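# Coordinate inspection notes
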Amino acid sequence: MSKLKIIRASAGSGKTYSLTKEVLLTLINEELTYFRSLLAVTFTNKATAEMKERILKELHLLASGGNSDHLTVLMKATNKSENGVRTKANAILQHILHGYSWFRIETIDTFFQGIIRSFIRELGIAGNYNIELDQDKILNEAIEALLEDVGNNKEVL
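Below is a summary of the structure that appears in this document. (Residues numbered from 1 in each chain as written. Predicted model: local features only at pLDDT ≥ 70, side-chain atom pairs only at ≥ 80, totals over all residues. Heavy atoms only, no water.)

### Focus on the overall build of the protein chain
Scanning the protein chain from N- to C-terminus turns up seven helices and two strands. Along the protein chain, helices (α) and strands (β) appear in the sequence α-β-α-α-α-β-α-α-α when read from the amino end. A compact globule built from 157 residues should have a C-alpha radius of gyration of about 15 Å, whereas the protein chain, at 22 Å, is more than 25% larger. Counting only C-alpha atoms and orienting by the principal axes, one finds that the protein chain spans roughly 80 × 35 × 25 Å. Considering the protein chain as a whole, with its 157 residues, one finds that 25% of them fall into the buried category. Here the contacts in the protein chain between residues at least 6 apart in sequence split such that 65% fall between residues at least 24 apart. Carbon and sulfur atoms provide 52% of the accessible area of the protein chain, an area that totals close to 11,100 Å². Distance between charge centres in the protein chain, computed from 19 positive and 19 negative side chains, equals 12 Å. (Helix = DSSP H or I, 4+ residues; strand = E, 2+ residues; numbered from the N terminus. Rg over C-alpha atoms; globule rule 2.2 N^0.38 Å. Buried < 20%, exposed > 50% of the residue type's maximum accessible area, 1.4 Å probe, protein only. Contact = heavy atoms within 4.5 Å. Areas by Shrake-Rupley, 256 points an atom, 1.4 Å probe, with all protein chains shown as cover. Lys, Arg positive; Asp, Glu negative; His and termini not counted. Charge placed at Lys NZ, Arg CZ, Asp CG, Glu CD.)

Okay, here's the thing in structure tokens:
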């Protein structure tokens, strides 16, 4: 199984369904704590919340004996019986709920902020840094700083 899978598609094309299926398939095929090694990156907070919700919902449906659209695919792809898939889904769900902070489905912004935080000293960034994503706010602050310097700096004037 490939360690990196990229799914690109337009809005409304079933990306969330496909990603949910891929994550479930990976989780069912791997050891119970594999979710700690899994990272799914999306672009919006809404997509992140939806992905987490769908994965947990499907695991719950599988674990509780409910109807899941993914059951047949999971059984075929893993060569497990229905009971085997449901038992594994229950165990995975329990592990995720007890180690929820390790269940990493996040936005690309959150992912890169985590990388920056990990390498803050090496990047020479002060510990009280702040990442701002609002371009208008940054532009306004830059203009205000420039206008303040105009009165104090003859070169800028």
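### Remarks on the nonpolar core
Leu 27, Ile 55, Leu 59, Leu 74, Ile 96 and Phe 103 are the most contacted members of the largest nonpolar core, which has 23 residues in total. Secondary-structure elements contributing two or more residues to this core are helix H1 (15–29), helix H2 (45–64), helix H3 (71–78) and helix H4 (82–98). For Leu 27, the contacting residues outside a window of four places in its chain are Phe 35, Leu 38, Lys 88, Ile 92 and Ile 96. (Core = buried A, V, L, I, M, F, W, Y, C linked by side-chain atoms within 4.5 Å.)

### Observations regarding the layout of surface pockets
Reported here for the largest pocket is a volume of approximately 920 Å³. If you trace the largest pocket, you find 32 residues lining it, with Lys 5, Ile 7, Leu 19, Ala 40 and Val 41 closest to the centre. By residue number, the principal contributor to the lining of the largest pocket is H1, which donates six residues. Within the lining of the largest pocket, the residues separate by chemical class into 17 nonpolar, nine polar and six charged. (1 Å grid on protein atoms, 1.4 Å probe; cavity = no way out; pocket = protein on both sides within 12 Å on 5 of 7 lines; lining within 4 Å. Points joined across faces, edges and corners; volume = space filled by probe spheres on them. Nonpolar A, V, L, I, M, F, W, Y, C, P; charged D, E, K, R; others polar.)

### Details of the packing of aromatic side chains
According to the stated counting rule, one finds two aromatic pairs in the structure shown. On the basis of an interplanar angle of 55° and a centroid distance of 6.0 Å, the ring pair of Tyr 100 and Phe 103 is categorised as tilted. Look at Tyr 100 and you get partly exposed, because its relative accessible area is 37%. When the centroid spacing of 5.3 Å and the interplanar angle of 65° are considered together, the rings of Phe 111 and Phe 112 count as edge-to-face. For Phe 111, a relative accessible area of 23% corresponds to the partly exposed category. (Phe/Tyr/Trp six-rings, centres within 6.5 Å; stacked < 30°, edge-to-face > 60°.)

### Describing helix H7 (residues 135–152)
With 18 residues, H7 should reach 26 Å at 1.5 Å per residue; the first-to-last C-alpha distance of 26 Å fits that figure. For H7, the N-terminal capping position is held by Asp 134, with its side-chain oxygen 3.2 Å away from the main-chain nitrogen of Asp 136. (Expected span 1.5 Å × (residues − 1). Polar contact = N/O pair within 3.5 Å; in protein donor to acceptor, adjacent residues only side chain to side chain.)

### Regarding the pairing of strand E1 (residues 39–42)
By the alternation rule, side chains of E1 split into Ala 40 and Thr 42, which are all buried, and Leu 39 and Val 41, of which none is buried. In this structure, E1 lies alongside strand E2 (residues 104–107), joined through four bridges in parallel fashion. Its bridge partner being in E2, Val 41 is matched across the sheet by Glu 106. (Pairing = 2+ DSSP bridges.)

### Section: the environment of Glu 31
With respect to the helices and strands, Glu 31 occurs in the loop between H1 and E1. Residue classification places Glu 31 among the partly exposed residues on the basis of a relative accessible area of 46%. With 77 residues separating them along the chain, Glu 31 and Ile 108 place their C-alpha atoms 26 Å apart.

### Focus on a nonpolar patch on the surface
On the surface, Phe 112, Ile 115, Phe 119, Leu 123 and Ile 125 cluster together into a nonpolar patch covering about 430 Å² of accessible area. With respect to the helices and strands, the residue Ile 115 is situated in helix H5 (residues 108–118). Residue classification places Ile 115 among the partly exposed residues on the basis of a relative accessible area of 33%. (Patch = residues over 30% accessible without salt bridge, like charges linked within 9 Å, V, L, I, M, F, W, Y side chains within 5 Å. Salt bridge = Lys/Arg side-chain N within 4 Å of Asp/Glu carboxyl O.)

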